[in-house]
Amino acid sequence: ETFLNRDLAAIEDTNGAIDRLIEQLRTTRGDLRLTPNDFSGWSRSARFYPLLYMMTRVHHAKDLDTGIELTNHSLGHLSTLQVHHIFPKDLLYKHGYQRPEVNAIANFTFLTQETNLKISNHDPAQYLEEFVAKQPRAVESHWIPMDRELWKVENYPQFLAARRQLLAAAANAF
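First, a word on what this report is: a plain description of the structure on this page. (Residues numbered from 1 in each chain as written. Predicted model: local features only at pLDDT ≥ 70, side-chain atom pairs only at ≥ 80, totals over all residues. Heavy atoms only, no water.)

**Section: the packing of helix 1 (residues 2–10) against helix 2 (residues 17–29)**
1) Next: Relative orientation of the contacting elements helix 1 and helix 2 amounts to 145°, with a least axis distance of 8 Å. Here helix 1 contributes Phe3, Arg6, Asp7 and Ala10 to the contact with helix 2, which in turn contributes Ala17, Arg20, Leu21, Gln24 and Thr28.
2) Next: The residue makeup of the contact of helix 1 with helix 2, split by class, is four nonpolar, two polar and three charged. (Axes fitted to C-alpha atoms, helices over the stretch in contact; angles between N-to-C directions. Helix = DSSP H or I, 4+ residues; strand = E, 2+ residues; numbered from the N terminus. Contact = heavy atoms within 4.5 Å. Nonpolar A, V, L, I, M, F, W, Y, C, P; charged D, E, K, R; others polar.)

Listed below in structure tokens is the structure:
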């Protein structure tokens, strides 16, 4: 909230607002580049959660099952975007992971309701492989590491680290 209040104050006078906001970001962060650590938060209230949603839209992420681009005009019945845990919560809890790890931003992606329901709580080592075969490049469009070893629950921490790197690179490209 403090950051938001400062940002709003910087743009209150619209004359030169963008320059003031950029300078404030540089002062606060040191530069404007995002790092993998920026995506280390957890829960939907995390600072970079909205950026993940925006990137899904502007980078033309594809639905894993249908391959349709996840845009406003493609949405219809059972097509509204939903948050999807790449590694299902119950699978992670069963393996001893705690709430912040289970609900890590790097474990979130957005899917249509229909696809989210279809995946349900299946193991990513299985369902991701099926979608790679069915919809080439759709899995990659969600910045999911393509190293199959990282899709195994025992390698979940390494999956999160690799996905954070992909998310940061995509955000910086944007």
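**Concerning the pattern of salt bridges**
1) Next: Counted under the stated rule, the structure contains five salt bridges.
2) Next: Lysine 118 is the partner of aspartate 65 in a salt bridge, and the nearest nitrogen-oxygen pair spans 2.7 Å. Highlighted residues: aspartate 65 in the loop between helix 3 (49–58) and strand 1 (81–85) and lysine 118 in helix 6 (residues 113–119), separated in sequence by 53 residues.
3) Next: Here aspartate 65 ties to lysine 134 by a salt bridge, and the two come within 2.5 Å at their closest N and O atoms. Residue aspartate 65 is found in the loop between helix 3 and strand 1, and its partner lysine 134 is found in helix 7 (residues 124–134); the two are separated by 69 residues along the sequence.
4) Next: It is possible to trace a salt-bridge network through shared partners that takes in Asp65, Lys118 and Lys134. (Salt bridge = Lys/Arg side-chain N within 4 Å of Asp/Glu carboxyl O.)

**Overview of the packing of aromatic side chains**
Geometry of an aromatic ring pair is reported as the spacing of the ring centres plus the angle between the planes.
1) Next: One pass over the structure, following the stated rule, counts nine aromatic pairs.
2) Next: One aromatic cluster is present, formed by Tyr49, Tyr53, Phe108 and Phe110 through successive ring pairs. (Phe/Tyr/Trp six-rings, centres within 6.5 Å; stacked < 30°, edge-to-face > 60°.)

**As for the pairing of strand 2 (residues 108–112)**
1) Next: Burial analysis of strand 2 places five of its five residues in the buried class, the great majority of the element.
2) Next: Because side chains alternate across strand 2, one face comprises the buried residues Phe108, Phe110 and Thr112, and the other comprises Thr109 and Leu111, equally buried.
3) Next: Pairing of strand 1 with strand 2, which is carried by five bridges, proceeds in the antiparallel orientation. Bridge pairing links histidine 85 to phenylalanine 108 in strand 2. (Buried < 20%, exposed > 50% of the residue type's maximum accessible area, 1.4 Å probe, protein only. Pairing = 2+ DSSP bridges.)

**Some details on the side chain of threonine 109**
1) Next: Summarising the element assignment, threonine 109 is placed in strand 2.
2) Next: The class of threonine 109 is buried, set by a relative accessible area of 1%.
3) Next: A polar contact of 2.6 Å, which involves the side chain of threonine 109, links it to the side chain of histidine 142.
4) Next: Contacts of threonine 109, omitting those with residues within four sequence positions, involve Gln82, Val83, His84, Ile86, His142 and Arg163. (Polar contact = N/O pair within 3.5 Å; in protein donor to acceptor, adjacent residues only side chain to side chain.)

**Remarks on the environment of glutamate 69**
1) Next: Checked against the element boundaries, glutamate 69 lands in the loop between helix 3 and strand 1.
2) Next: Glutamate 69 sits 35 residues away from leucine 34 along the chain, and the two C-alpha atoms are 25 Å apart.
3) Next: At a separation of 2.6 Å, a polar atom in the side chain of glutamate 69 contacts the side chain of histidine 60.

**Notes on helix 8 (residues 156–173)**
1) Next: Over its 18 residues, helix 8 extends 26 Å from the first C-alpha to the last, a length consistent with the 26 Å expected when each residue adds 1.5 Å.
2) Next: By the burial criterion, the buried members of helix 8 are Tyr156, Phe159, Leu160, Ala162, Arg163, Arg164, Leu167, Ala168, Ala170 and Ala171.
3) Next: On its buried face, helix 8 sits against helix 3, helix 4 (89–94), helix 5 (99–102) and strand 2. (Expected span 1.5 Å × (residues − 1).)

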